[in-house]
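Coordinates in review
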Amino acid sequence: MSEATHKDISWTDAVELASPHPYVLVTTVSDEGVPNVIGIGWFTITSWKPPMVCISVAPPRHSYGNIEAVGEYVINFPPPDMARAAWKCGTTTGAKVDKFADNGLEPVQSTRVRPPAIAGSIMAWECQVVSKMDTGDHRLYIAKIVATRGDPARTAHLYSIHYRELVAVDREAGSVTQVEYK
Ligand SMILES: Cc1cc2nc3c(=O)[nH]c(=O)nc-3n(C[C@H](O)[C@H](O)[C@H](O)COP(=O)(O)O)c2cc1C
């Protein structure tokens, strides 16, 4: 066995080194019907069949109260030209501002859940929470995806570099090494 080239690094450095990480805008709604948007980096698909996903949300977030109350959320994939608004959604709170109005975002009716989707997003995944789990300082919301709507022609997505900046990655334009697997 060869000698280790790794060295011990801090958890902060480890998370940063895992960048870029896909960045999405998650829409929620309060029981009274007031919508909100939060920038989320901690999400992943958890099952192919049935389609399942999860997001990790910290209790101080305004969005946390909405998800607890309504049990639904929509994962919106923002295009590069939505970057400035998308960043604001990850750095301001719906407890104090209307992130739709302030950032030129337009809510559009979802098909199967109460929270709206965001007009102009690449895709919107409509989700219903089926299970939750506290994992430390965040709560994991595991959800069934009940509708997937989008625009297959648009391929550029936003990724975050740690918690500093957003970059656009386009699978059509990048340098790609094709691998074959059987
Ligand atoms: C790149 C990036 C990724 C983020 N990912 C998460 C996340 O996965 N979970 C979370 O609870 N907050 C995350 N945040 C922080 C929230 O988006 C931020 O606290 C936001 O202001 C909360 O909005 P709200 O209070 O309206 O819900 C992230 C912020 C940035 C900039």
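Cut-offs used in this document
- Residues numbered from 1 in each chain as written.
- Predicted model: local features only at pLDDT ≥ 70, side-chain atom pairs only at ≥ 80, totals over all residues.
- Helix = DSSP H or I, 4+ residues; strand = E, 2+ residues; numbered from the N terminus.
- Rg over C-alpha atoms; globule rule 2.2 N^0.38 Å.
- Buried ≥ 20, exposed ≤ 12 C-beta atoms within 10 Å, placed from the backbone.
- Contact = placed C-beta atoms within 7 Å.
- Near = placed C-beta within 6 Å.
- Nonpolar A, V, L, I, M, F, W, Y, C, P; charged D, E, K, R; others polar.
- Core = buried A, V, L, I, M, F, W, Y, C linked by C-beta atoms within 7 Å.
- Pairing = 2+ DSSP bridges.
- Axes fitted to C-alpha atoms, helices over the stretch in contact; angles between N-to-C directions.

Before going further, it helps to examine the overall build of the chain. Scanning the chain for helices and strands turns up 4 helices and 12 strands. The globule rule puts the C-alpha radius of gyration for 182 residues at 16 Å, and the 17 Å found for the chain is close to it. With respect to the three principal axes, the spread of C-alpha positions in the chain is 60 × 40 × 35 Å. By the burial criterion, 30% of the 182 residues in the chain qualify as buried. Long-range pairs, those at least 24 residues apart, make up 63% of the contacts in the chain between residues at least 6 apart in sequence.

Going from serine 19 to proline 20, the amide bond is cis rather than trans, its omega being -5°. Tracing the backbone shows proline 20 in the loop between α1 (11-17) and β1 (21-22). Of note in this structure, histidine 162 is not a glycine but carries a positive phi near 45°. In this structure, histidine 162 sits in the loop between β11 (156-161) and β12 (165-170).

If you check the shell around the ligand, you find 22 residues, and the closest are Trp42, Ser63, Gly90, Thr93 and Gly94. Every element with two or more residues in the shell around the ligand is listed here: β3 (35-40), β5 (52-57) and α2 (62-70). Among the residues forming the shell around the ligand, the class breakdown is 8 nonpolar, 13 polar and 1 charged.

Grouped together as the largest cluster of nonpolar side chains are 32 residues, with contacts concentrated most on Val24, Val26, Ile55, Tyr73, Val74 and Ile75. Every element with two or more residues in this core is listed here: β2 (24-29), β3, β5, β6 (72-77), α3 (83-89), β8 (117-118), β9 (123-134) and β10 (139-150). Tallying contributions element by element places β6 first for this core, with 4 residues. Ignoring anything within four residues of it in the chain, the contact list for valine 24 reads Ile40, Phe43, Ile75, Asn76 and Phe77.

By the secondary structure assignment, glycine 65 is in helix α2. Taking the C-beta count within 10 Å as the criterion, glycine 65 has 18 such neighbours and is therefore assigned partly exposed. In sequence terms glycine 65 and aspartate 31 are 34 residues apart; their C-alpha atoms lie 9.5 Å from each other.

We now examine the sheet that holds β12. Strand order in the open sheet formed by 3 strands is β1-β11-β12, with antiparallel pairing between adjacent strands. Of all the strands in the sheet, just β1 and β12 have a single pairing partner and so form its edges. Where β1 meets β11, 2 bridges bridge the pair, whose relative direction is antiparallel. Within the sheet, the bridge partner assigned to proline 22 lies in β11 and is tyrosine 159.

For the rest of this paragraph, the subject is the sheet that holds β10. Taken in spatial order, the 7 strands line up as β3-β2-β6-β9-β10-β5-β4 in an open sheet, and their pairing is antiparallel. Each of the sheet's edge strands pairs with one partner strand only, and the pair in question is β3 and β4 (43-47). Each strand axis lies, on average, 35° off the axis of its neighbour in the sheet, ignoring direction. Pairing analysis gives 6 bridges linking β6 to β9, with the strands arranged antiparallel.

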